[in-house]
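Results of the structural survey
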Amino acid sequence: MSSPALLRHPEDSMPATAVAEAGPAPTAPPKTPPSFGTLALRWYRLNQGRLRATAIGIASLIAFLLVWHLLTTYRVVFFVRFTNVPSPLAVYASFTKAIHDPKFLMHIVLSCRRIFIGFSLAAIVGVPLGLIMGRFKLVHEIIFPVAEVLRPIPAIAWVPMAIMLWPTNEQSIVFITFLGSFFPILVNTLHGMSLVDPVLVRAAQCLGARERSIFREVYFPASLPHIFTGLTVGMGVAWVSLIAAEMISGQYGIGYFTWEAYSLVQYADIALGMIAIGVLGLGSSLLLRGAGQLVMPWRST
């Protein structure tokens with residue numbers, strides 16, 4: 001038998017009438033889209049850890065408010081006096097009154113503006129300076145001793161010097177905020193540079209990379225986790241420094257609002273100012289963490 005006959009498929013050898021009677025080949029049934037319950041269950045399994053953490057956090061906040069309410073209602077005195085501490089309901093009443101007051105909103109806006117300017121300047125100066133100090137030994141030997149002497153000085157001790165250095169209170173407060181966030185950013189950036197694997201640097205040099213490329217492709221990406229750690233810590237210290245500066249030398253700001261409430265014996269406003277500071281600090285830290293996840297997507301996997 002010839003080879004073409006052997007290579008023919010079975011259906012080729014079937015008569016035309018048999019092929020016509022067999023009809024077209026069966027097609028697969030169309031896939032039905034998943035139901036809403038299936039999608040919801042899938043989403044729950046993917047986000048089960050986050051939902052659990054959120055539920056625990058909400059429960060802890062409710063427990064905190066309940067304990068606060070009981071301690072202030074019964075005026076408990078046990079080492080700590082709760083006789084003059086306002087209740088959560090009193091603070092909520094003060095909050096509903098304050099949100100309709102343009103002056104309170106102006107305090108918050110001015111504090112946020114000072115934080116933005118001071119923290120941005122600290123990040124713009126601290127991150128490049130830390131990268132350069134970590135890369136070049138001579139620059140590190142020149143700047144590091146001065147930075148280590150100035151770093152332990154608390155922000156509140158800088159207030160008199162800042163008032164003498166800068167012509168306006170606004171500039172002195174921004175300067176103190178800058179100092180508060182500058183040193184954590186600088187130190188963490190230096191720490192990140194010290195942990196860069198030298199094998200990666202030598203590999204880049206062997207491949208012909210120049211200093212600029214090594215800096216951009218090796219040192220900076222490897223130091224990013226520590227840089228964002230420094231930014232997060234620096235943001236918290238920036239709020240501490242800002243509130244201290246506003247309480248001493250400010251005329252506006254959420255720190256000045258809290259201190260003024262203490263001077264006027266408005267206890268509910270004191271607690272309101274403290275809660276506002278905490279919420280603003282939390283929001284700014286969450287923004288930094290979100291930016292870190294966008295810049296470093298490999299860290300979230």
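Residues numbered from 1 in each chain as written. Predicted model: local features only at pLDDT ≥ 70, side-chain atom pairs only at ≥ 80, totals over all residues. Heavy atoms only, no water.

1. Some remarks on the packing of helix α7 (residues 102-135) against helix α10 (residues 169-194)
Axis angle and axis distance: for two packed helices, these are the angle between their axes and the distance between the axes, and together they describe the pair. Two elements in contact, α7 and α10, have axes separated by 7 Å at closest approach and are oriented at 30°. Relative to α10, the crossing made by α7 is right-handed. (Axes fitted to C-alpha atoms, helices over the stretch in contact; angles between N-to-C directions. Helix = DSSP H or I, 4+ residues; strand = E, 2+ residues; numbered from the N terminus. Left-handed = near helix turned anticlockwise from the far one by under 90°.)

2. A closer look at helix α6 (residues 88-98)
Residues of α6 that are buried: Pro88, Val91, Ser94 and Ala98. Along α6, the residues classed as buried sweep out an arc of 120° about the axis, all on the same side. Counted as exposed and oriented over 90 degrees from the buried face of α6: Leu89, Tyr92 and Lys97. Lining the buried residues of α6 we find α5 (48-73), α7 and α14 (267-295). (Buried < 20%, exposed > 50% of the residue type's maximum accessible area, 1.4 Å probe, protein only. Arc of directions from axis to C-beta. Contact = heavy atoms within 4.5 Å.)

3. Overview of helix α11 (residues 198-206)
One turn of an α-helix holds 3.6 residues; hence residues three or four places apart share an orientation. Taking the backbone nitrogen of Val199 as reference, a side-chain oxygen 3.1 Å away marks Asp197 as the first, capping residue of α11. Downstream of α11 by one or two residues, Gly208 has phi in the positive range, about 90°. (Polar contact = N/O pair within 3.5 Å; in protein donor to acceptor, adjacent residues only side chain to side chain.)

4. Details of the packing of aromatic side chains
Within the structure shown, the criterion is met by 9 aromatic pairs. Centroid distance Phe182 to Phe183: 5.2 Å. Interplanar angle 75°. Geometry classified as edge-to-face. A relative accessible area of 9% means that Phe183 is categorised as buried. Linked through ring pairs, Trp158, Trp166 and Phe175 together constitute an aromatic cluster. (Phe/Tyr/Trp six-rings, centres within 6.5 Å; stacked < 30°, edge-to-face > 60°.)

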